[in-house]
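Coordinate inspection notes
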Amino acid sequence: GAVVSQHPSRVICKSGTSVKIECRSLDFQATTMFWYRQFPKKSLMLMATSNEGSKATYEQGVEKDKFLINHASLTLSTLTVTSAHPEDSSFYICSARVGDVSNQPQHFGDGTRLSIL
Amino acid sequence: SQQGEEDPQALSIQEGENATMNCSYKTSINNLQWYRQNSGRGLVHLILIRSNEREKHSGRLRVTLDTSKKSSSLLITASRAADTASYFCATGQLATGGYQKVTFGTGTKLQVIP
C-alpha cells in the first residue's frame with residue numbers, strides 16, 4: 001500500500017518550454033503532498049508543501065511564479081516548471097503522507113529527471 | 001544549513017559486515033525517519049522513530065535515537081550487495097499551520113562489496 005506515482009520519469013526539452021510533472025497517490029488520499037528538488041550527489045531540498053484545495057506553501061528562496069503547484073484533488077498534485085532554463089535541470093521528487101497525523105512517514109514517487117537544453 | 005548531518009558521507013564494506021550510519025540534528029523534533037535511495041530513483045521509507053522512543057528494529061535494521069545528544073544511528077546487520085544505496089535521515093517537526101515538515105540530511109552513500 002501507500003504507492004505514489006510520479007510522471008514523467010524523464011523530460012528533455014528546449015529552453016523556454018514549460019514542463020508539467022504529475023504526482024499521484026494511487027491507493028490513498030493525500031491531503032498534503034511535498035515537492036523536492038535534488039541536485040547530483042546532494043540531499044533533497046524541500047521546495048513547497050502542496051495542500052489540497054488551497055495554495056501551496058513555498059520554502060524561502062523558491063520562486064512561486066517559476067514553480068507552479070496545483071493540488072486539485074486528494075490524489076493529484078502537479079508541479080509546472082514555467083519557461084524552464086538550463087539551471088532548472090534537476091531531479092524533482094514528490095511525496096505524500098497518509099493522513100495528517102504527524103508521526104507518519106512520507107511515501108515518495110520515483111522522481112522526474114528534467115534536462116533543459 | 002542542513003537540519004541533519006550524516007556521518008560518514010560514504011561507507012564501503014564487505015558483504016556480511018555490519019554498516020552503521022549516524023545522523024545529527026540541531027532543533028527539537030517530533031520524529032526521525034530513515035530513507036533509502038537507489039541511484040536515480042525516489043526514496044523508500046525504512047523506519048520512523050518517535051521522539052519518545054530510543055530504539056526500533058525492523059528486520060536487519062536497527063535505529064537508535066538520543067534526543068539529549070540530538071543524534072540517531074542506523075545499523076544494517078549482515079549487509080548484502082543489494083543494500084548498496086544512499087541512506088538519508090530526515091527529521092519531522094511541526095511547522096506553522098500544524099502540518100509536519102520533514103527536513104532531510106546530507107546522506108550516506110553505502111557500498112556493499114560482494
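In this text the structure is predicted, and so the values were computed from the model without any measurement.

**Details of the overall build of chain B**
- Across its full length, chain B holds 0 helices and 11 strands.
- Of the regular secondary structure in chain B, the N- to C-terminal order runs β-β-β-β-β-β-β-β-β-β-β.
- With the C-alpha coordinates aligned to their principal axes, the bounding extent of chain B is approximately 45 × 30 × 20 Å.
- For chain B, the proportion of its 114 residues judged to be buried stands at 45%.

**Quick notes on the overall build of chain A**
- Secondary structure assignment for chain A yields 0 helices and 11 strands.
- N-terminal to C-terminal, the α/β element order of chain A is β-β-β-β-β-β-β-β-β-β-β.
- For chain A, whose C-alpha radius of gyration is 13 Å, the value lies close to the compact-globule estimate of 13 Å for 117 residues.
- Principal axes of the C-alpha set define a box for chain A whose edges measure 40 × 25 × 25 Å.
- Out of the 117 residues belonging to chain A, those deemed buried represent 53%.
- At a minimum sequence separation of 6, the contacts of chain A that also span at least 24 residues come to 54%.

**What to know about the sheet that holds strand S8 (residues 71-76) of chain B**
All names here are of chain B.
- Taken together, 5 strands build an open sheet; the order of strands is S1-S3-S8-S7-S6 and the sheet is antiparallel. Bordering the open sheet on either side are strand S1 (4-7) and strand S6 (55-58), each of which pairs with just one other strand. Averaged over all neighbouring strand pairs, the angle between strand axes comes to 15 degrees, with direction disregarded.
- Bridging between S1 and strand S3 (residues 19-25) involves 4 bridges; their strand directions are antiparallel. By the bridge assignment for S3, aspartate 7 is matched with asparagine 22.

**A short note on the nonpolar core**
- Residues A:Trp35, A:Tyr58, A:Phe67, A:Ile69, A:Leu79, A:Tyr92 and A:Leu114 are the most contacted members of the largest nonpolar core, which totals 25 residues.
- Apart from residues no more than four positions distant in its own chain, A:Leu79 is found in contact with A:Val19, A:Lys20, A:Ile21, A:Trp35, A:Phe67, A:Leu68, A:Ile69 and A:Tyr92.

**A closer look at the pairing of strand S3 (residues 19-25) of chain A**
All names here are of chain A.
- The side-chain alternation of S3 yields one buried face, formed by Val19, Ile21, Cys23 and Ser25, and one unburied face, formed by Lys20, Glu22 and Arg24.
- Sheet topology note: the strand S1 (residues 4-7)/S3 ladder contains 4 bridges and is antiparallel. Among the inter-strand pairings, histidine 7 is bridged to a residue of S3, identified as glutamate 22.
- Pairing between S3 and strand S8 (residues 76-81): 6 bridges, direction antiparallel. Opposite lysine 20, over in S8, you have threonine 80 as the bridge partner.

**Quick word on the pairing of strand S2 (residues 10-13) of chain A**
Residue and element names in this part refer to chain A.
- A one-sided burial pattern is seen for S2, the buried positions being Val11 and Cys13 and the unburied ones Arg10 and Ile12.
- With 4 bridges connecting them, S2 and strand S11 (residues 112-116) associate as parallel partners. Within S11, the residue paired with isoleucine 12 across the bridge is serine 115.

**Looking at the interface of chain B and chain A**
- Each partner contributes to the interface: chain B provides 22 residues, whereas chain A provides 22 residues.
- Between chain B and chain A, roughly 1800 Å² of surface is buried when both sides are summed, and carbon and sulfur atoms account for 50% of that area.
- For the pair chain B and chain A, the number of links is 1 salt bridge.
- Between A:Asp110 and B:Arg41 there is a salt bridge, with the nearest N and O atoms lying 2.8 Å from each other.

**Concerning the environment of B:Leu110**
Residue and element names in this part refer to chain B.
- The topology assignment puts leucine 110 in strand S11 (residues 108-113).
- Its relative accessible area of 1% is what places leucine 110 among the buried residues.
- Expressed as a C-alpha distance, the spacing of leucine 110 and isoleucine 13, which sit 97 residues apart in the sequence, is 7.9 Å.

Conventions used here
- Residues numbered from 1 in each chain as written.
- Chains lettered and ligands numbered in written order.
- Predicted model: local features only at pLDDT ≥ 70, side-chain atom pairs only at ≥ 80, totals over all residues.
- Heavy atoms only, no water.
- Helix = DSSP H or I, 4+ residues; strand = E, 2+ residues; numbered from the N terminus.
- Buried < 20%, exposed > 50% of the residue type's maximum accessible area, 1.4 Å probe, protein only.
- Rg over C-alpha atoms; globule rule 2.2 N^0.38 Å.
- Contact = heavy atoms within 4.5 Å.
- Pairing = 2+ DSSP bridges.
- Axes fitted to C-alpha atoms, helices over the stretch in contact; angles between N-to-C directions.
- Core = buried A, V, L, I, M, F, W, Y, C linked by side-chain atoms within 4.5 Å.
- Buried area = accessible area lost by both parts, 1.4 Å probe.
- Salt bridge = Lys/Arg side-chain N within 4 Å of Asp/Glu carboxyl O.

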